[in-house]
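# An overview of the molecular structure
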2 protein chains.
Amino acid sequence: MSSDENKYLKSYNIKDYDIPLATVDMSIFSIIDGTLNVLLIHRDTHPEKGKLSLPGGFINLKEDQNLDETAHRKLFEKTGLKSPYLEQVETTGNATRDPRGWSVTILYFALLDFGKVKEKALKDSKWFPVNKAKKEKLAFDHNELLEKAFDRLKSRTSYTALPMALMPNLFTLTELQTVFEIILEKKLPIKSFRRRILTAEVVIPTGESKLSGKRNAQLFKSKGVSKDFYFQRPLQV
Amino acid sequence: MSSDENKYLKSYNIKDYDIPLATVDMSIFSIIDGTLNVLLIHRDTHPEKGKLSLPGGFINLKEDQNLDETAHRKLFEKTGLKSPYLEQVETTGNATRDPRGWSVTILYFALLDFGKVKEKALKDSKWFPVNKAKKEKLAFDHNELLEKAFDRLKSRTSYTALPMALMPNLFTLTELQTVFEIILEKKLPIKSFRRRILTAEVVIPTGESKLSGKRNAQLFKSKGVSKDFYFQRPLQV
DNA sequence: TTATATATTGACTTAAAGACTATATATAAT
DNA sequence: ATTATATATAGTCTTTAAGTCAATATATAA
């Protein structure tokens, strides 16, 4: 680095400039009782005090090395989970979304198995079925953010195996299909779904089958959920 | 708004907090002489003075109402164009990418017809073939940003008609196919490509055909490039 | 008039999804 | 034990859009 640049950096003070607020917000999804749920926070500080919002907050410049760490930190605070599926959705920034001024938020969504959630009884947070959450008047522009996150999840579900990240360690293909159907809000053809999952080899048969119901079903486990795996064709619309 | 919240907002001063820098960077692509090019800037200010970088910069809290406006403003400054195709790619934020401190950048890519570029002779900016740009040592983490933008363009090209945004007003199907091939870095089957474009009706025949070469080819114009149009199936890999 | 290059179309093949039917196997009722 | 019932699982035909390959059309140039 040149001494010239060094001089510049020494005299540089970020607070001499007008810059926007920057936050990370997230839609944390899980399946509870056959319904897609999202975690909402009851805000007990200004602004928008008293309203429900998506979990999120400021980047901690000391603790967070990067944005994903901010997201993971928030996620851990609210769920006690270290490594659920996490994906960045979109960044929204404008002059009006926050009464404190120009504000930018980086939106993530997370998928997790509700059975693994540690912090089930945090007083300020609560799981809402997505359809109910959509009807609430959320803080800031969080209704739009929730919609964007859900749309992204829905879209991904039509050509990836992401919903596996919502499943418990062991699951049947019927259970997996049901979760796909919950997200897509429509029924899928059984044979087609099974063939798709099986030929893609995104799932490992445990042999150790069996479960509830009438005829027992084979139990599978996920081979790992990757952002980069795509089925050859999307599900028909 | 409660008077309580009013009081909070009055006492709120963003400069009391540690917040990251926020910038918008963009990969502006166009086709020049049968090659995919990207616009780079010769930096004449600190930091990273003297290096090449993607165009971009700070959000202007006074002028820009939202992030897309920031991106459009930058784009206009560098190309003189008001409405090329613009799409947000991803946001990168960490403690190390900018020597001034924790920094967040929202990455966009733009596609435009080079023939429409007004500002062809800006002294600080220059078009580079993407393959050459990749080999340059760009400022900050802009090599990674360029790669992300290009990867996104490539991916989109396999299941959308986005590359139409790179075409002049009138073009033949062969010319369009060539642009797809340039981006995908591989040949495509002719018959298949034409059928795909034609049955999707993303293009309007002008009747007024004719052009260079041996046998004359029909001229088409774009029906408009939409982020939300998807072919039923992606191109085979 | 013929050669050549590029444009354009016809028609067969392939792959993965959808649709429908048949079979298998568990529990519960008789 | 036998039968009924529900769910799991597999077989197979159809459909659709892409890939493949070959044939035809129409400019320009020799």
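Fair warning: this is a prediction, and the values are worked out from it, not measured in the lab.

Our next topic: the pairing of strand S6 (residues 103-111) of chain B. All names here are of chain B. Burial analysis of S6 places nine of its nine residues in the buried class, which makes it a mostly covered element. A two-sided burial pattern is seen for S6, the buried positions comprising Ser103, Thr105, Leu107, Phe109 and Leu111 on one face and Val104, Ile106, Tyr108 and Ala110 on the other. As defined by bridge partners, strand S1 (residues 21-32) adjoins S6 across nine bridges and the pair is classed as parallel. Bridging from a neighbouring strand, Val24 pairs with Ile106 of S6. Judged from the nine bridges that link them, strand S5 (residues 85-94) and S6 form a sheet pairing that is antiparallel. The residue bridging Asn94 from the neighbouring strand is Ser103, located in S6.

Turning our eyes to something else, we now look at the interface of chain B and chain A. Opposite the 41 residues of chain B that make contact, chain A presents 41 residues. Of the roughly 3700 Å² buried where chain B meets chain A, counting both sides, 61% is carbon and sulfur surface. Our count for the chain B to chain A interface comes out at two salt bridges. Among the salt bridges present, the one from B:Asp18 reaches A:Lys62, with a minimum N-O distance of 3.5 Å. Taken together, the links from chain B to chain A amount to eight residue pairs in polar contact (both at pLDDT 80 or more). Every element with two or more residues in the side of chain B that touches chain A is listed here: helix H1 (3-11), S1, S5 and S6 of chain B. Broken down by element, the residue count for the side of chain B that touches chain A peaks at six residues, all from S5(B).

Turning to the relation of the copies chain B and chain A, a few remarks are in order. Overlaying chain B with chain A gives an RMSD of 0.0 Å, the required rotation being 180° about an axis along which the chain moves by 0.0 Å. Overall, the copies show the geometry of a two-fold rotation axis. Both copies contact each other with a shared surface, as 100% of the interface residues of chain B are interface residues in chain A too.

Each value, and the rule that gives it
- One numbering rule holds for all chains: residues counted from 1, following each sequence as written.
- Labels are handed out in written order, letters beginning with A for the chains and numbers beginning with 1 for the ligands.
- Residue-level local features of this predicted model are given only where pLDDT is at least 70; pairs of side-chain atoms are given and counted only at 80 or more, and the full residue set underlies all totals for whole chains, interfaces and linings.
- Side-chain calculation: all heavy atoms of the structure are included, whereas hydrogens and water are not.
- The rule is simple: take the accessible area with a 1.4 Å probe, protein chains only, and divide by the maximum for that residue type; under 20% is buried, over 50% is exposed, in between is partly exposed.
- The numbering of helices and of strands both runs from the N terminus, where a helix is a DSSP run of H or I of at least 4 residues and a strand a run of E of at least 2.
- Pairing between strands is defined by DSSP: at least two bridges between them are needed.
- Residue contacts are counted whenever heavy atoms from the two residues lie within 4.5 Å of one another.
- Buried area: the sum, over both parts, of the accessible surface (1.4 Å probe) that disappears when the two are put together.
- We define a salt bridge as a side-chain nitrogen of Lys or Arg found within 4 Å of a carboxyl oxygen belonging to Asp or Glu.
- In the analysis that follows, any N or O atom pair within 3.5 Å is treated as a polar contact, provided that within protein one partner can donate a hydrogen and the other can accept it, and provided that, for residues neighboring in sequence, both atoms belong to side chains.
- Copies overlap after least-squares fitting; the atoms used are the C-alpha atoms of residues with pLDDT of at least 70 in both.

These figures come from the coordinates and say nothing about function on their own.
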